[in-house]
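Listed here are the chains, written in short residue letters.
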Amino acid sequence: MPLKTIFMLAAVAICAAGAPATAFAFRFCANSQAAIQFSLTASQDNSQDDEIDIPTGTYSLTSNLVFNSTESNSLLVVGGWNSDCSQFTGGRSVLDGQSTVAPLTINSDNGDVLVQWMTFAAGDRHGLAVVTHNNLIQIDHNRFYLNHGGGGDAAAGLQASTIAGVIRIRGNLLYLNTSTAYNGAMSVNSNGSAAYIVGNTFADNTAGSPVFAGGLAVSGAAHFWVSNNIIWENHTNGAPDFTSNTVNTLINNDIGTTAGTAPDASSQGNQSVDPQFAACSGFLCFSFELTRASPLVDAGVDAPAGGALAVDLNRKPRIVGAHADIGAFEVDVLFANGFD
């Protein structure tokens, strides 16, 4: 990967090691709020495909991180790096809004946007909001929890919108996100050709009213392919777990309640059962792995529309056993008998 420039400013440096499966020309290592915002601002108009690597740790934000760009270049934001971004470790890189600011807002007129291995917590208005015109939005392997929405924000956890691009949202966990006005966990709007929601877990999120979705809301003119997701117990205030106002194909999901446009005739393999999450201690239990007896183990589709990820949210192989599990986590069924 070529390095166009090598420099340091405050806590920002160009990294020398590659991010997982990326090939971006200009790379930043940002280990503070100021460094992250500097990197976002510098990436807006430098005529490069930019990658911003964020080391493991919690970043307690005092202002909203913002990216606004009209150039035709891509932006990749990746968490989980060691302190100097020389090695990807998969640790938690947490943007903590402290219930006062929205952690990250990205507006890209003409460039692709990819966000991977980040945690968006305690955001005010939303955890992550991404808007593009006619390009790719890809949100993989992220966690969203305790974000609070209201006012004009479409969802408390993640909101993604494109006029004519493609959206892929895969392998994420959304937990305890609450909106007082609109959708709880996630709102996706696309007027492009297709959008793909694959292998995510939505649990215990809350919408503002029964008109909206506690878990996932999809809208626009695009055909939505929704596969291998758990959307369960997101119906506080009478809201459904999932709602759609557009053509949608549901493949091998576990969904509690639904509303809006009915899934098309090619939908199949869906369930509405208790996922049987494994026991977890503490108030904030982020595992949401399945018990080995769960009906969702080996119940997913292996090659979903929009593409499967190679690993789950805990970086384990995505398929262990006969087939992929439903949800963001894969159960190690091969060692269920306790032997190696």
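These lines cover the structure that appears in this document, whether it is placed above or below. Only a predicted model underlies this, so the values are computations on that prediction, with no experimental measurement involved.

This paragraph deals with empty space enclosed by the protein. Gaps left between atoms are located by rolling a probe of water-molecule size over the structure's atoms. Across all of its chains, the model carries 3 cavities of 30 Å³ or more by this definition. Approximately 110 Å³ is the volume found for the largest cavity. As for the largest cavity, its lining consists of 14 residues, of which Val-198, Gly-199, Ala-308, Leu-309 and Arg-318 are closest to the centre. Considered class by class, the residues forming the lining of the largest cavity number 7 nonpolar, 3 polar and 4 charged. Considering only enclosed or pocket space, the second largest cavity measures out at about 40 Å³ in volume. Every residue lining the second largest cavity is listed: Gly-90, Gly-91, Arg-92, Ser-93, Trp-117, Met-118, Thr-119, His-141, Asn-142, Arg-143 and Leu-313. Classifying every residue of the lining of the second largest cavity gives 3 nonpolar, 6 polar and 2 charged.

As a general point, the strands of a sheet are linked pairwise by backbone hydrogen bonds and lie either parallel or antiparallel. Here we have 8 strands laid out as an open sheet, ordered β5-β8-β11-β14-β18-β22-β25-β28, and parallel in their pairing. Edge positions in the sheet fall to β5 (57-60) and β28 (254-255), since each has one partner strand and no second. Of the pairings in the sheet, the one linking strand β8 (residues 93-96) to strand β11 (residues 119-121) comprises 3 bridges and is parallel in character. Among the inter-strand pairings, Leu-95 is bridged to a residue of β11, identified as Phe-120.

The subject of this paragraph is the pairing of strand β23 (residues 216-219). Across the two faces of β23 the burial is the same, with Leu-216 and Val-218 and Ala-217 and Ser-219 all buried. One ladder, built from 4 bridges, connects strand β20 (residues 186-190) with β23; its direction is parallel. From the neighbouring strand, Met-186 faces β23, where its bridge partner is Leu-216.

The next subject is the pattern of salt bridges. Within this structure, the stated rule accounts for 6 salt bridges. A salt bridge links Arg-27 to Glu-51; the shortest N-O distance between them is 3.3 Å. Placement of Arg-27 in strand β3 (residues 26-30) and of Glu-51 in strand β4 (residues 50-55) is noted, with a sequence separation of 24 residues between them. What makes Arg-27 buried here is its relative accessible area of 1%. Of the residues examined, Glu-51 reaches a relative accessible area of 0% and is grouped as buried.

Turning next to the nonpolar core. If you look at the biggest cluster of nonpolar residues, it comprises 47 residues, and the most contacted ones within it are Leu-95, Ile-106, Leu-128, Ile-139, Ile-169 and Leu-216. Excluding residues within four positions of it along the chain, Ile-106 makes contact with Phe-67, Leu-75, Val-113, Val-115, Leu-128, Ala-129, Val-130 and Val-131. Core analysis: the second largest hydrophobic core is formed by 19 residues, Leu-114, Ala-121, Tyr-145 and Ala-328 among them.

Cut-off values and rules
Per chain, residue numbering runs from 1 following the sequence as it is written. In view of the model being predicted, local features appear only for residues whose pLDDT reaches at least 70, and side-chain atom pairs are presented and counted only at 80 or more, with totals across whole chains, interfaces and linings using the full set of residues. Hydrogen atoms and water are omitted, and side-chain values are computed over all heavy atoms in the structure. Think of a 1 Å grid over just the protein atoms. A cavity is a set of points where a 1.4 Å probe fits yet cannot get out, a pocket is an open set with protein on both sides within 12 Å along at least five of seven lines, and lining residues have an atom within 4 Å of a point. Grid points are joined across faces, edges and corners, and a volume is the space filled by probe spheres set on the points. Only Asp, Glu, Lys and Arg are considered charged, only Ala, Val, Leu, Ile, Met, Phe, Trp, Tyr, Cys and Pro nonpolar, and every remaining residue, Gly among them, polar. Strands are treated as partners if at least two bridges between them are detected by DSSP. Strands are runs of DSSP state E lasting at least 2 residues, helices are runs of H or I lasting at least 4, and numbering of each runs from the N terminus. Only protein chains enter the accessibility calculation, which uses a 1.4 Å probe; a residue whose area is less than 20% of its type maximum is buried, one above 50% is exposed, and one in between is partly exposed. Throughout this description, the term salt bridge denotes a Lys or Arg side-chain nitrogen within 4 Å of a carboxyl oxygen of Asp or Glu. The criterion is simple. A nonpolar core is a set of buried Ala, Val, Leu, Ile, Met, Phe, Trp, Tyr and Cys residues joined through side-chain atoms within 4.5 Å. The contact rule is simple, with two residues in contact once any of their heavy atoms fall within 4.5 Å.

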